[in-house]
Amino acid sequence: MADEEDEPGFDEELDDGNPGVDVGHGKRKRLFSKELRCMMYGFGDDQNPYTESVDILEDLVIEFITEMTHKAMSIGRQGRVQVEDIVFLIRKDPRKFARVKDLLTMNEELKRARKAFDEANYGS
C-alpha cells in the first residue's frame, strides 16, 4: 500500500491539458456520464456500472471528439467544422459512415416533418 503513494494517481495521468474539461485539483468535469451509464446498461453492463469504467469511457469519448474536431478544422474551411468534413474523415469506416448517413437522413426527415406540421397548424 505504501508503494501506491509514490506513483502518480489516476487523475494525474489523465491530465493532458484539454481546455474546458479540467476543473482543477485533478478532478474532471464529467460531461457524458449519465448518457454513458445508460448506453453501457443498454449494451449489457450492470444498471449501475463502476464509476471508474464510466470515467475511462468518457475520457476515450472526449479524446475521440477532440481528435476528430481538430482534424475536421484542418481540412475544408480552416478553423470551421462542417458536417461534410466529419463525413469525409469517417468515409473509410463503413460502420461509422453508415451511422452518420442514417442520422443525417433522419435529421432531414424530422426537419421536413416539423415544417409540414408548422405549416398545417399556423397556415402559411
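Residues numbered from 1 in each chain as written. Predicted model: local features only at pLDDT ≥ 70, side-chain atom pairs only at ≥ 80, totals over all residues. Heavy atoms only, no water.

Engineer: Provide a residue-level description of the overall build of the chain, including the pertinent values.
Structural biologist: Per the secondary structure count, the chain includes 6 helices and 2 strands. Shown N-terminal to C-terminal, the secondary structure of the chain runs as helices and strands in the order α-α-β-β-α-α-α-α. Sorting the 124 residues of the chain into buried and exposed places 12% on the buried side. The contacts in the chain between residues at least 6 apart in sequence include a share of 29% that link residues at least 24 apart. (Helix = DSSP H or I, 4+ residues; strand = E, 2+ residues; numbered from the N terminus. Buried < 20%, exposed > 50% of the residue type's maximum accessible area, 1.4 Å probe, protein only. Contact = heavy atoms within 4.5 Å.)

Engineer: Summarise the side chain of Glu-58; cite the residues concerned and give the values.
Structural biologist: Along the chain, Glu-58 turns up in helix 4 (residues 51-74). Despite its burial, Glu-58 pairs with no opposite charge, the nearest such side chain being Arg-30 at 4.1 Å. Beyond its immediate stretch of four places on either side in the chain, Glu-58 contacts Lys-29, Arg-30, Leu-31, Phe-32, Ser-33 and Leu-36. (Lys, Arg positive; Asp, Glu negative; His and termini not counted. Salt bridge = Lys/Arg side-chain N within 4 Å of Asp/Glu carboxyl O.)

Engineer: Give me the pattern of salt bridges: which residues, what numbers.
Structural biologist: A complete count under the given rule lists 4 salt bridges for this structure. For Asp-59, the salt bridge identified is with Arg-30, shortest N-O distance 2.9 Å. Of this pair, Asp-59 sits in helix 4 while Arg-30 sits in the loop between strand 2 (27-28) and helix 3 (33-42), and the two are 29 residues apart along the sequence. Note on Arg-30: relative accessible area 23%, which makes it partly exposed. Residues Asp-93 and Lys-96 are paired through a salt bridge, measuring 3.5 Å at the closest nitrogen-oxygen approach. In this structure Lys-96 comes out as partly exposed when scored by relative accessible area, which is 36%. The structure contains a network of salt bridges with shared partners spanning Arg-30, Asp-55 and Asp-59.

The values are spatial; any link to function lies outside them.
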